[in-house]
Amino acid sequence: MGDAPQIDPRSPRVRLMAFFDPGTFETITPEDDRGVLVGMGRVDGTPVVAFATDPTVQGGAMGRDGCRAIVAAYDRAFADSCPVVGIWHSGGARLREGVASLDGVGRVFAAMTRISGKVPQISIVLGPAAGGAAYGPALTDIVILGPEGRIFVTGPEVIRSVTGEQVDMLRLGGPDPHGRRSGVVHVVAESDTEAFAEGRRLAHLLGRQGSLDLDAVVDTDLGSLLPESSKRAYDVHPLVDGFLDEGTAIELHPKWAPNIVTVLGRLGGRTVGVVANNPLRLGGCLDATSAEKASRFVRMCDAFAVPLVVLVDVPGYLPGVGQEWDGVVRRGAKLLHAFAECVVPRVTVVTRKAYGGAFVAMNSASLGATRVFAWPGAEVAVMGSVAAVRVLHRRRLAEASDEEARAQLELELAAEHEVISGGIARAVEMGVVDEVVSPNRTRSRAAQVLLDTPGVRGAHGNIPL
Amino acid sequence: MTAEIRAEMVAQVHSVFVEAGAAVTAGDTVILLESMKMEIPVIVEIDGVVLEISVVPGDVVYEGDLLVTLASS
């Protein structure tokens, strides 16, 4: 301070000005030593409230007054019904203030929870965010981590003194552990500039969702993005990108539970959420972690009135002792719950296959899907036909003279089973699939359904599942 | 620097497309696994040279088993 001009690049004013549209930032709280600055501004014209902790004062630690400023930011965002963005760089509660700072931090958590699901909350973590400053972002809808961002409850010093374990901040709470392992962070950015840019895109997608313009939805042959062999796994990202308006996709949790893909983007100019199985990873199986990831995404979209499109190509739940002990039953149940309670328009597209319990979980008609499409040739069944005949005709197969005869018999029985179970036509007859849609009509058909379905939103918060 | 590619899930090795010493670029398929009635390609994420292939077709691999060791270029 003093005579020197304030040019610390970490100062809240500098960061908030970098975040907002040029010339739109106005402060709401005074710039003093409370360690938090709150302001309003615009993001591509959309009003947004934002605050930044001040790492130049006590390492950005949060005291009573700083916490009150954050609560004021939340009150303002709620009153104006606009997104609230937090820029975090903070060592946690102010030790010097003792319990008063803990009380303040708790009040921030309470404010975040009160507003949860009502206005979008985005966190951009640019430096250490420890203790209370870790749980602040964790309670919000979307967490973006800059290259210097480090999130942890207890730092390396404490870990070393308590358990003797040696670890640095990067390995403890940097982009790799939180991007791949913990699921704490939704978006990892290569630079602070990119972190702001991603925060702006997300604030705009959630804060100004736009209306769907059917004329702007051009059909393309999405089917060409699948491999020729129905057994071959493939990366689903080109399909998701091809479904959304060009250049609008932003993936959340790309490296955590990559067997399911959760993306926000636009369709005909309107914000939509896409959930898709990714056969390239774990064969696209659902497992405990991917079910949890998808259920949080579904509930977030539901709370903010974002319609959903679910692209299904799923062989089932990942079998194994590890999964059962990991709570695939409890955590998988979250996805059933999330879809069953979801009230936004939601369209399912079965592209290749949907088997068993995973078929139910992926926004089936039974869970209340607005409309279920299947591409021609898609398979909807309790299990694949070969697996089914192995169960249904176990004895007959066991009696086969040799391996070759058994394999031959299996194929014959499987073909017979497909005729009896009826394939996709039977699924349509039963009402579990509403309509067989050509891949090159999928965008416009899905858009039409979203347009025809009244927009409502779920009356619930967005607990960080 | 070396990088290890490990199996994500239980699978049978269907085919191996590279040998030790081969140069690979990010996006190349080095191994095809079979699991959940599907053929799942194992794709390298970096450019480099294959140091070692730890499996042969027909092997059953479990989650975490080493498949390929690469030297990044």
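See above for the structure.
First, a word on scope: everything that follows refers to the structure included in this document. (Residues numbered from 1 in each chain as written. Chains lettered and ligands numbered in written order. Predicted model: local features only at pLDDT ≥ 70, side-chain atom pairs only at ≥ 80, totals over all residues. Heavy atoms only, no water.)

1. Describing the overall build of chain A
Looking only at helices and strands, one finds 18 helices and 16 strands in chain A. Dimensions of chain A, computed from C-alpha atoms along their principal axes, come out at roughly 90 × 60 × 35 Å. Per-residue burial for chain A yields a buried fraction of 55% across its 465 residues. Residue pairs at least 24 apart in sequence account for 72% of intrachain contacts in chain A once pairs closer than 6 positions are excluded. For chain A, the accessible area works out to roughly 19,800 Å², and carbon and sulfur atoms hold 55% of it. (Helix = DSSP H or I, 4+ residues; strand = E, 2+ residues; numbered from the N terminus. Buried < 20%, exposed > 50% of the residue type's maximum accessible area, 1.4 Å probe, protein only. Contact = heavy atoms within 4.5 Å. Areas by Shrake-Rupley, 256 points an atom, 1.4 Å probe, with all protein chains shown as cover.)

2. Things to note about the overall build of chain B
On a plain count of helices and strands, chain B comes out with zero helices and eight strands. Mapped from its N terminus to its C terminus, chain B presents α and β elements in the order β-β-β-β-β-β-β-β. Taken over C-alpha atoms, the radius of gyration comes to 11 Å for chain B, in line with the 11 Å a tight globule of 73 residues would show. A burial count over chain B gives 40% of its 73 residues as buried. (Rg over C-alpha atoms; globule rule 2.2 N^0.38 Å.)

3. Overview of the state of the cysteines
Taken as a whole, this structure holds zero disulfides over all chains when the rule is applied. Not engaged in a disulfide, the cysteine A:C301 finds its nearest cysteine sulfur in A:C342; these two sulfurs lie 8.1 Å apart. (Disulfide = S-S within 2.5 Å.)

4. Concerning the pattern of salt bridges
Residue and element names in this part refer to chain A. One pass over the full model with this rule turns up 31 salt bridges over all chains. Two residues, E435 and R445, come together in a salt bridge whose shortest N-O distance is 2.9 Å. Here E435 is found in strand β16 (residues 435-436), whereas its partner R445 is found in helix α18 (residues 442-452), with ten residues between them in sequence. Of the two residues examined, E435 and R445, each falls in the buried class. (Salt bridge = Lys/Arg side-chain N within 4 Å of Asp/Glu carboxyl O.)

5. Observations regarding the packing of aromatic side chains
All names here are of chain A. Summed over the entire model, instances satisfying the criterion amount to five aromatic pairs over all chains. Between F19 and F20, the ring centres sit 5.2 Å apart and the planes meet at 70 degrees, which makes this aromatic pair edge-to-face. Each of the two residues, F19 as well as F20, counts as buried. Taking 6.3 Å as the distance between ring centres and 65 degrees as the angle between the ring planes, the aromatic pair formed by F19 and F196 counts as edge-to-face. Residue F19 is found in helix α1 (residues 12-19), and its partner F196 is found in helix α8 (residues 192-207); the two are separated by 177 residues along the sequence. On the basis of relative accessible area, F196 is assigned to the buried category, the value being 8%. Taken together through their ring pairs, the aromatic side chains of F19, F20, F25 and F196 make up a single cluster. (Phe/Tyr/Trp six-rings, centres within 6.5 Å; stacked < 30°, edge-to-face > 60°.)

6. What to know about a nonpolar patch on the surface
Judged by side-chain polarity, A:V382, A:M383, A:V391 and A:L392 come together as a nonpolar surface patch covering roughly 380 Å² of accessible area. In this fold, A:V391 is placed in helix α14 (residues 385-392). (Patch = residues over 30% accessible without salt bridge, like charges linked within 9 Å, V, L, I, M, F, W, Y side chains within 5 Å.)

7. Considering the interface of chain A and chain B
Contact with chain A, which involves 19 residues of that partner, is made by twelve residues of chain B. In total, about 1,400 Å² of surface goes out of reach between chain A and chain B, with carbon and sulfur atoms giving 59% of it. The salt bridge partner of B:E34 is A:K231, with a shortest N-O separation of 3.2 Å. At the junction of chain A with chain B, the criterion picks out six residue pairs in polar contact (both at pLDDT 80 or more). Within the side of chain A that touches chain B, the residues separate by chemical class into ten nonpolar, three polar and six charged. (Buried area = accessible area lost by both parts, 1.4 Å probe. Polar contact = N/O pair within 3.5 Å; in protein donor to acceptor, adjacent residues only side chain to side chain. Nonpolar A, V, L, I, M, F, W, Y, C, P; charged D, E, K, R; others polar.)

8. Describing helix α10 (residues 288-303) of chain A
Every α-helix winds through 3.6 residues per turn, so residues three or four apart in the chain are directed the same way. All names here are of chain A. Taking 1.5 Å of rise per residue, 16 residues should cover 22 Å, and α10 covers 23 Å from first to last C-alpha, within 8% of that figure. Extensive coverage of α10 is indicated by the burial of 16 of its 16 residues. Positioned one or two residues after α10, A305 has a phi angle of 65 degrees, which is positive. (Expected span 1.5 Å × (residues − 1).)

9. A few points about helix α2 (residues 64-80) of chain A
Residues and elements named next belong to chain A. A rise of 1.5 Å per residue sets the reference length of α2, with its 17 residues, at 24 Å; its end C-alpha atoms lie 24 Å apart and thus fit the reference within 8%. Those residues of α2 lying buried are G66, C67, A69, I70, V71, A73, Y74 and A77. Positioned one or two residues after α2, S81 has a phi angle of 55 degrees, which is positive.

10. Brief notes about the sheet that holds strand β1 (residues 2-6) of chain B
Residues and elements named next belong to chain B. Spatially, β1-β8-β6-β3 is the arrangement adopted by the four strands of the open sheet, whose pairing is antiparallel. Here the strands that pair on one side only, and so sit at the sheet edges, are β1 and β3 (23-24). Pairing of β1 with strand β8 (residues 66-72), which is carried by five bridges, proceeds in the antiparallel orientation. Within β8, the position partnered with T2 by the bridge is A71. (Pairing = 2+ DSSP bridges.)

11. Some remarks on the sheet that holds strand β4 (residues 29-35) of chain B
All names here are of chain B. Read from one edge to the other, the open sheet built from four strands follows the order β5-β4-β2-β7, with strand pairing classed as antiparallel. Edge strands, defined here as strands with exactly one partner in the open sheet, are β5 (38-43) and β7 (60-61). Direction of pairing for strand β2 (residues 11-16) relative to β7: antiparallel, over a ladder of two bridges. Bridged to Q12 within β7 is V60.

12. Considering the pairing of strand β3 (residues 46-53) of chain A
Residues and elements named next belong to chain A. Across the eight residues of β3, seven count as buried, placing the element largely inside the fold. Alignment of β3 against strand β4 (residues 84-90), held across four bridges, turns out to be parallel. Within β4, the position partnered with A50 by the bridge is V85. Running through α2, the crossover from β3 to the neighbouring parallel element β4 is right-handed. (Right-handed = clockwise from strand over helix to strand, strands pointing away.)

13. With respect to the pairing of β4(A)
Residues and elements named next belong to chain A. Among the seven residues of β4, seven are classified as buried, and the element is accordingly described as predominantly covered. Burial of the side chains of β4 extends over both faces: V84, G86, W88 and S90 are buried on one face and V85, I87 and H89 on the other. One ladder, built from six bridges, connects β4 with strand β5 (residues 121-130); its direction is parallel. Within β5, the position partnered with W88 by the bridge is V125. For the crossover from β4 across helix α3 (residues 99-115) to β5, the handedness is right-handed.

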